[in-house]
Amino acid sequence: MKRCAFALAAALVSLSVGAVEQTVQNDSLGNGGTGVIVYGFVSGEAAATWLTSPCTGTLRAVQVFWRSPVGTSAQSIEDSVTIYRAGTFPNPGAAAAVIAGPVLNDGVLNEWRYLDENNTLPLAVSLTANEQFVVSFKFFDAPITNSTPSVVRDADGIQAGKNALLAKIGASFVWLDSATLGLTGDWVIRGVVDCPAVPQTADVAVGMTASAAAYTPGSPLTYTITVSNAGPATAAATVVDLFPTSYTGVNWTCVGSGGSTCPAGGSGNITHSVTLAVGGAATYTVTGTVAANTTGGLGNAVTAIVGSPITDPDTNNNTVTLTLQPDTDLIFRDNFGS
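Just so it is clear, the model here is predicted, and its values are computed rather than measured. (Residues numbered from 1 in each chain as written. Predicted model: local features only at pLDDT ≥ 70, side-chain atom pairs only at ≥ 80, totals over all residues. Heavy atoms only, no water.)

## Digging into the sheet that holds strand β19 (residues 220-232)
Consideration 1: In spatial order, the strands read β17-β19-β24-β21-β22; together these five strands make up an open sheet with antiparallel pairing. Two strands close off the open sheet at either side, each with one partner strand: β17 (202-210) and β22 (265-267). Averaged over all neighbouring strand pairs, the angle between strand axes comes to 15 degrees, with direction disregarded.
Consideration 2: Here β17 pairs with β19 via eight bridges, running antiparallel. The partner of alanine 205 across the bridge, within β19, is serine 228. (Pairing = 2+ DSSP bridges. Helix = DSSP H or I, 4+ residues; strand = E, 2+ residues; numbered from the N terminus. Axes fitted to C-alpha atoms, helices over the stretch in contact; angles between N-to-C directions.)

## Some details on the sheet that holds strand β20 (residues 235-241)
As a general point, the strands of a sheet are linked pairwise by backbone hydrogen bonds and lie either parallel or antiparallel.
Consideration 1: Spatial strand order, β18-β26-β25-β20-β23: five strands in an open sheet with mixed pairing. At either margin of the open sheet sits one strand with a lone partner, and together these are β18 (214-215) and β23 (270-276).
Consideration 2: Pairing between strand β25 (residues 298-306) and strand β26 (residues 319-326): six bridges, direction antiparallel. Residue alanine 301 lies in a different strand from β26, and its bridge partner there is threonine 321.

## Thoughts on the pattern of salt bridges
Two side chains carrying opposite charge are able to pair once their charged atoms lie near each other.
Consideration 1: One pass over the full model with this rule turns up five salt bridges.
Consideration 2: Residue arginine 60 is joined to aspartate 194 by a salt bridge in which the shortest nitrogen-to-oxygen separation is 3.7 Å. Taken as a pair, arginine 60 in strand β5 (residues 57-67) and aspartate 194 in strand β16 (residues 189-194) lie far apart in primary sequence, 134 residues in all.
Consideration 3: For arginine 60, a relative accessible area of 30% translates into the label partly exposed.
Consideration 4: Given the relative accessible area of 23%, aspartate 194 is considered partly exposed.
Consideration 5: One salt bridge in this structure joins arginine 113 and glutamate 111, with 2.8 Å as the shortest N-O distance.
Consideration 6: By relative accessible area, which is 23% here, arginine 113 ends up partly exposed.
Consideration 7: Take glutamate 111: its relative accessible area is 24%, and that puts it in the partly exposed class.
Consideration 8: Through salt bridges with shared partners, one network takes in Glu21, Glu111 and Arg113. (Salt bridge = Lys/Arg side-chain N within 4 Å of Asp/Glu carboxyl O. Buried < 20%, exposed > 50% of the residue type's maximum accessible area, 1.4 Å probe, protein only.)

## A look at the pairing of β26
Consideration 1: Where β18 lies against β26, two bridges are found, and the strand directions are parallel. Bridging across to β26, alanine 214 finds its partner in glutamine 325.

Read these as geometric descriptors, not functional statements.
Printed below as a string of structure tokens:
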């Protein structure tokens, strides 16, 4: 394989569209970087890159950088671009999609999103997170050294197990590791994977009830606190309840439901993190005794603070305060005088 070095023009830019699309590449070539045109191919040979999907999503586009020394050659129609399932390097697995007769423009990162020239059959290959897949570019015409366009590699070293070449050996075509044939950079052949948007908000709410409508000094009192998540994202939240000093001997237990998790139990104030699944909740049962000398209103407030990077669209329901008054109807409560 012969090579021709050049400075990458400003035409090479990432064509990823929207926040959910991620361009997957092994090469380090960036705008203004140095790449090398690779020659020496014959008709039917192919350059292929092994890529890894960043998510469980859909391959929506493939890209090949195509360049001549002058960068102004006429359009080329080549054999095909094939997307394979990963096999055992350097041999790809089964073909998942084929773009036949791709048209290439000189000096730019060419991108294909359709399987046909009429743009009616979109490229859509389902991928799982961390799944390897292969994008292969096959020549129809052998590029002419130092004259016509060809594929490009970067210039800062080649990664092991990432670059393959379908070479014609005698009458047969055989997949080989490009590094064993003297390639010293990664092919500028890429994929664009459409990853589902990850929700970044969670509506966390707090509720609280007491075991009695009014407190009795010197008597037990139980609070039930529920921290719930209406979604759409799972959230980590810090739950804070600094109990009043007149509420003594505090112990609590916590049970997570719907996939949520929280500490099993503790004593004293509640100040820790919980994980709230969508539709799930963390429910606390708090037991203690109201001090005998307590008078006036007994107030208790609980707050749930949603942690970054998730935000809460409605913080009005993140804090709840419950104030109990003393039970002054002791005579009638004890049925005195009945």
